[in-house]
Amino acid sequence: MLFKIKKNGDIPVLMYHQFVENEGDGGKIKLYVTRKTFELHLKIIKFLGYKTITFKDLDKIGLENRRKDKYIIITVDDGYRDNYDILYPTLKKYNMKAVIFYVTGVKYNTWTADDLGEKKFNLMNEEEVKKLHKSGLIEFGGHTLTHPSMVTLDNSTLKKEIEDNKRDIEKIIEEKIITFAYPYGHNSLRVQEMVKEAGYKYGVSTDSGTGFISDNLYDIRRTAIDKTSIFDFLRKVSPKYLHYKYKKRGNKKFKDEYEK
Ligand SMILES: [Zn+2]
């Protein structure tokens with residue numbers, strides 16, 4: 001099976017952030033897709049015969065069986081209010097699933113609004129998170145309290161960012177969570193180890209990882225979909241894309257300020 005996966009590629013893992021009604025509603029850092037574009041993406045995914053799954057589904061399917069069917073994982077970072085207003089109803093329309101990585105220590109995008117002068121966008125509140133969780137279409141995962149670059153944090157701050165965020169989410173949804181996304185994709189062996197120690201089973205990144213999930217469950221490569229043309233979207237949903245990206249770009253190394 002492993003040989004077959006290496007040859008035919010792995011489950012595509014897509015990364016989104018925000019969803020807007022109109023182009024002008026987004027921020028200057030263009031981390032969004034419009035409702036219309038997202039709906040087109042879902043239509044393409046459906047047309048290609050993919051089933052959208054979450055990491056909890058993957059856990060049940062079993063890593064060794066993951067290419068026996070045509071699976072794809074849609075992930076969404078930060079947990080903006082628009083995930084409730086636009087992402088969720090669109091998923092519901094097509095009966096598709098996604099994984100949302102939720103920041104719990106702040107109420108809006110402080111890391112870009114306060115530091116880079118980006119527009120403020122609210123994150124979801126507890127009631128909204130609860131409702132999405134109950135729908136069965138959304139898996140929630142961790143994404144820290146305040147969205148720092150984790151490689152710059154000392155061990156005790158790092159631990160707090162991971163563990164308190166996990167506790168917050170589990171308290172809201174009354175269920176254990178198993179997946180974590182590194183803010184900005186920044187990770188190191190020290191950071192991965194800490195995420196594992198906190199009880200997570202999977203860690204997803206952006207510009208690192210080989211493109212094969214089982215090579216390192218704490219460095220699962222994803223492809224960014226914001227700003228993607230439809231032509232690129234078609235390439236990015238191919239099971240071979242993430243490994244191709246790894247071969248072309250390699251692993252981006254993030255300087256860990258505390259790693260021995
Ligand atoms: Zn993020």
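Before reading on, note that the structure itself is shown above.
Residues numbered from 1 in each chain as written. Predicted model: local features only at pLDDT ≥ 70, side-chain atom pairs only at ≥ 80, totals over all residues. Heavy atoms only, no water.

(A) Inspection of the overall build of the chain at higher detail. Looking only at helices and strands, one finds ten helices and ten strands in the chain. Expected size for 260 residues packed as a compact globule is a radius of gyration near 18 Å; at 17 Å, the chain falls within 12% of this value. Oriented by its inertia axes, the alpha-carbon framework of the chain measures out at about 45 × 40 × 35 Å. Counting all 260 residues of the chain, 57% fall into the buried class. For the chain, restricting intrachain contacts to residue pairs at least 6 apart in sequence, the fraction spanning at least 24 positions comes to 70%. Accessible surface for the chain amounts to roughly 12,200 Å². Of this, 52% is attributable to carbon and sulfur atoms. Distance from the positive charge centre (49 side chains) to the negative charge centre (38 side chains) of the chain: 6 Å. (Helix = DSSP H or I, 4+ residues; strand = E, 2+ residues; numbered from the N terminus. Rg over C-alpha atoms; globule rule 2.2 N^0.38 Å. Buried < 20%, exposed > 50% of the residue type's maximum accessible area, 1.4 Å probe, protein only. Contact = heavy atoms within 4.5 Å. Areas by Shrake-Rupley, 256 points an atom, 1.4 Å probe, with all protein chains shown as cover. Lys, Arg positive; Asp, Glu negative; His and termini not counted. Charge placed at Lys NZ, Arg CZ, Asp CG, Glu CD.)

(B) Structural context of the coordination of the zinc ion. Taken together, the protein ligands of the zinc ion are Asp 78 (OD), His 143 (NE2) and His 147 (NE2), with distances of 2.1 Å. Mapped onto the polypeptide sequence, the residues donating to the zinc ion form the spacing pattern D-x64-H-x3-H. Of the two residues, Asp 78 sits in strand S5 (residues 71-78) while His 143 sits in the loop between strand S7 (138-142) and helix H7 (155-173), which places them 65 residues apart along the sequence. In this structure Asp 78 comes out as buried when scored by relative accessible area, which is 2%. (Donors = N, O, S within 2.8 Å, 3.2 Å for Na, K, Ca; no water.)

(C) Structural context of the packing of aromatic side chains. Under the definition given, this model contains nine aromatic pairs. Here the aromatic rings of Phe 55 and Tyr 202 are separated by 5.3 Å at their centres, their planes lie at 40 degrees, and the arrangement is tilted. Remark: Tyr 202 occurs in strand S9 (residues 202-204) and Phe 55 occurs in helix H3 (residues 55-61); sequence separation between them is 147 residues. Take Phe 55 and Tyr 202: they sit in the same class, and that class is buried. (Phe/Tyr/Trp six-rings, centres within 6.5 Å; stacked < 30°, edge-to-face > 60°.)

(D) Molecular detail of the nonpolar core. Judged by nonpolar contacts, the single largest core of 48 residues is most densely connected at Leu 14, Tyr 16, Ile 45 and Phe 140. By size, the runner-up hydrophobic cluster in this structure holds 16 residues, among which are Phe 55, Leu 58, Ile 178 and Tyr 202. (Core = buried A, V, L, I, M, F, W, Y, C linked by side-chain atoms within 4.5 Å.)

(E) A look at the pattern of salt bridges. Taken as a whole and judged by the stated rule, the model has 18 salt bridges. Across the pair Asp 77 and Arg 222 runs a salt bridge, and its minimum N-O distance is 2.8 Å. Taken together, the residues span a long stretch of sequence, with Asp 77 in strand S5 and Arg 222 in the loop between S9 and strand S10 (223-224) at a distance of 145 residues. Classification of Asp 77 by relative accessible area gives buried; the value is 3%. (Salt bridge = Lys/Arg side-chain N within 4 Å of Asp/Glu carboxyl O.)

(F) Region of the structure containing a nonpolar patch on the surface. A contiguous nonpolar surface patch, about 220 Å² in accessible area, is contributed by Leu 40, Ile 230 and Leu 234. Here Leu 40 lies in helix H2 (residues 35-47). (Patch = residues over 30% accessible without salt bridge, like charges linked within 9 Å, V, L, I, M, F, W, Y side chains within 5 Å.)

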